[in-house]
Every structure is written in structure tokens, then in C-alpha cells.
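Each chain, written out:
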Amino acid sequence: MDQQPPGSPQGPRDQGPQDSRSLPGCYRHPDREAGVRCTRCERPICPECMVSASVGFQCPDCVRGGSGTGHAPAANQPRTLAGGAVASDPRLVTKVLIGLNLALYLVQVSVGDAFTNNFDLFGRALLSGEVQGVAEGQWYRMLTSMFLHGSITHILFNMVSLWWIGGPLEAALGRARYITLYFVSGLSGSALTYLLAGPNQPSLGASGAIFGLFGATAVLMRRLNYDMRPVIALLVINLIFTFGWSNIAWQAHIGGLFGGLVVGYAMVHAPRERRNLVQYGVSGLMLIAVVVVTLLRTAQLT
């Protein structure tokens, strides 16, 4: 959750029960039926893992090794549901994001409010004897505030959520699309906070981006016809906390959720023949909206 810190300037996817089935489960996705076996290693593979070879289909592991496909290993790489490359470590970006958040929190603890106040998000306020904030040209605060936290409880809650939601989503989208989703969602949350919060009200935290991951996860589960109840229940609980507790920047949560829903829908439902254009085009439009909102709010405050 995004918090308003003291000392700041004043002024894995869940599914329901499965029916019994006669076909074996895919070796990479055990919950999916696999009617085809890899022509080289003979492991069962689902349609998502089937890569066309010179004879029949091969699994992603055999393709990465260039085993009998008739092409170089990179010529016919397996793809995720959203069209991203299948990575050997599907949680790498999530691990990097968690590590970056933890590292910056240690800096916050070591340096104190002097560091936090220079990088958290607020519109316009008197700080250290001068007027500062996004309205004064410090746009970087909209990004840097996404990696700062107000307490040990704050960062632990966010990082557990990021690991639990972000890991499976990264595997489903691929690294490039996942990074795009994360930052667009986080910046959408920052933009709505800047627009609606008081100009001297500080905000920080990764939860704008994390709420975006919640939204994209809901879209993905709907696309795969999975049981939506667990993610909806978790989202409702988080929204209750958002509006029920004080010192929570609800604008960041709602802005991030909206950004995640829009970008997530584009990532999951983009037509295959125009996949990159739709996915990154919608992401670009969301970033343009962030810039427009930021300019409008800046014009109001200056």
C-alpha cells in the first residue's frame, strides 16, 4: 500500500477442482491436457508448448537446444500466451524489482528522511527552505516514489504481494511485456495521485504498480477461463484496506489498477498478427495520458 510517511514536507494462479481426464498433463503446465508428445523426448506438451519442427512438434526445452528442428535454436523460440519469449528463469524481473526495492529501503533507513524527502511524490511544497515537487520540474519523483517505502511492514507487505502476483504474471507475459505493465501501472498511480492529492501531501510505495499487476492477473485468469473468485476476493480485501485505513494514498491504488486493467487486456487479447503494435501501442497511449494529466496538474499548481 502507498503511505504518507512521517517527516515529509508539510503544507501462482488458483483454479477450482478439475474433472478427471484421460489425456496426460503437459510437462510444463500440468493442469492442461496434452494430446501431443515431443517428437524427440516424448514428453506430453500442450498447444502453448508445441513448437513446429521438421517432423511433428517439439517441446520448448528441445527447441532451445536446437534438437532436430532444422533451424538454429533461436529461429523458432516458444512463446508465452502474450507472445513473449519463454525464459529459463520466469521470475527474474520480479526478483530484480524486489531486490531494488529492498536495497532502496535500506538506503532510506541508513540515510533517513533527508533521502526519502528528496525522492517521494508530492505536488508542490516548501522543503529545506525552497519550493519543490513535481510542479517545480521534479518529474522524476513520479518514478522514484514507486521504489520507496515508509516502514518495514509497508515494504514486507508489498514485496510479498509482488512475489505472489508478479512471478506467475511474468511467466505468462514474458519479461519485456511484464516490465512494461509494471512501470505503466506504477506511473498511472503516480499520475492520479499527483492530480487528486493535496500538493503538499507526500506519497510513496510500490503498490500502484502492484495493483496494476492485480488488474492484469484478473484479465489473464478471465482469458484462460480460470476460477476468478480467489483474485476477486483478494482484490476486494485490498480495496477495503485502501479506503478503510488512514495514511493510504488510494489514488495510487486506483490509478495503478486502471492502468493494469487496460494494459493487461491489450497484452492478453491482442490479435496475433498485430500483437506488438496493439500491446505496445496501448502502453504508449497510457503513458501519453500520464504525461497529459501531469501537465494539466502542473498548470493548476503553477
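Above this text sits the structure in question.
Residues numbered from 1 in each chain as written. Predicted model: local features only at pLDDT ≥ 70, side-chain atom pairs only at ≥ 80, totals over all residues. Heavy atoms only, no water.

## Regarding the nonpolar core
Piece 1. Counting 48 residues, the largest nonpolar core has Leu162, Leu169, Tyr182 and Leu213 as its most contacted members.
Piece 2. When residues of this core are traced back to their parent elements, those giving at least two are α2 (92–111), α5 (152–173), α6 (175–196), α7 (207–223), α8 (229–244), α9 (250–269) and α10 (275–301).
Piece 3. The leading source of residues in this core is α7, at 10 residues.
Piece 4. Counting residues in each nonpolar core, the second largest holds 8 residues, with Ala34, Cys38, Cys46 and Cys62 among its members. (Core = buried A, V, L, I, M, F, W, Y, C linked by side-chain atoms within 4.5 Å. Buried < 20%, exposed > 50% of the residue type's maximum accessible area, 1.4 Å probe, protein only. Helix = DSSP H or I, 4+ residues; strand = E, 2+ residues; numbered from the N terminus.)

## A look at α7
Piece 1. Look at α7: 24 Å from first C-alpha to last across 17 residues, which is about the 24 Å you get at 1.5 Å a residue.
Piece 2. Within α7, 15 of the 17 residues are buried, which leaves it mostly tucked inside the rest of the structure. (Expected span 1.5 Å × (residues − 1).)

## Side note on the side chain of Arg91
Piece 1. Its location among the elements puts Arg91 in the loop between α1 (60–64) and α2.
Piece 2. Buried and unpaired, Arg91 has Asp89 as its nearest opposite-charge partner, separated by 6.8 Å.
Piece 3. Apart from the residues lying within four places of it in its own chain, the contact partners of Arg91 are Trp163, Gly167, Pro168 and Glu170. (Lys, Arg positive; Asp, Glu negative; His and termini not counted. Salt bridge = Lys/Arg side-chain N within 4 Å of Asp/Glu carboxyl O. Contact = heavy atoms within 4.5 Å.)

## A short note on the packing of α2 against α6
Piece 1. As a packed pair, α2 and α6 sit with axes 9 Å apart at the nearest point and diverge in direction by 40°. Viewed along their axes, α2 and α6 adopt a mutual orientation that is oblique. Judged by residue contacts, Leu92, Val93, Thr94, Leu97 and Asn101 of α2 engage Arg175, Tyr178, Ile179 and Tyr182 from α6.
Piece 2. Classifying every residue of the contact of α2 with α6 by side-chain character gives 6 nonpolar, 2 polar and 1 charged. (Axes fitted to C-alpha atoms, helices over the stretch in contact; angles between N-to-C directions. Parallel < 35°, antiparallel > 145°, perpendicular 65-115°, else oblique. Nonpolar A, V, L, I, M, F, W, Y, C, P; charged D, E, K, R; others polar.)

## Brief notes about the environment of Trp163
Piece 1. By secondary structure assignment, the location of Trp163 is in helix α5.
Piece 2. Assessed through its relative accessible area of 37%, Trp163 is described here as partly exposed.
Piece 3. Separated by 66 residues in the primary sequence, Trp163 and Leu97 place their C-alpha atoms 9.5 Å from one another.
Piece 4. With residues near it in sequence (within four places) discarded, Trp163 still touches Arg91, Thr94, Lys95, Ile98 and Pro168.

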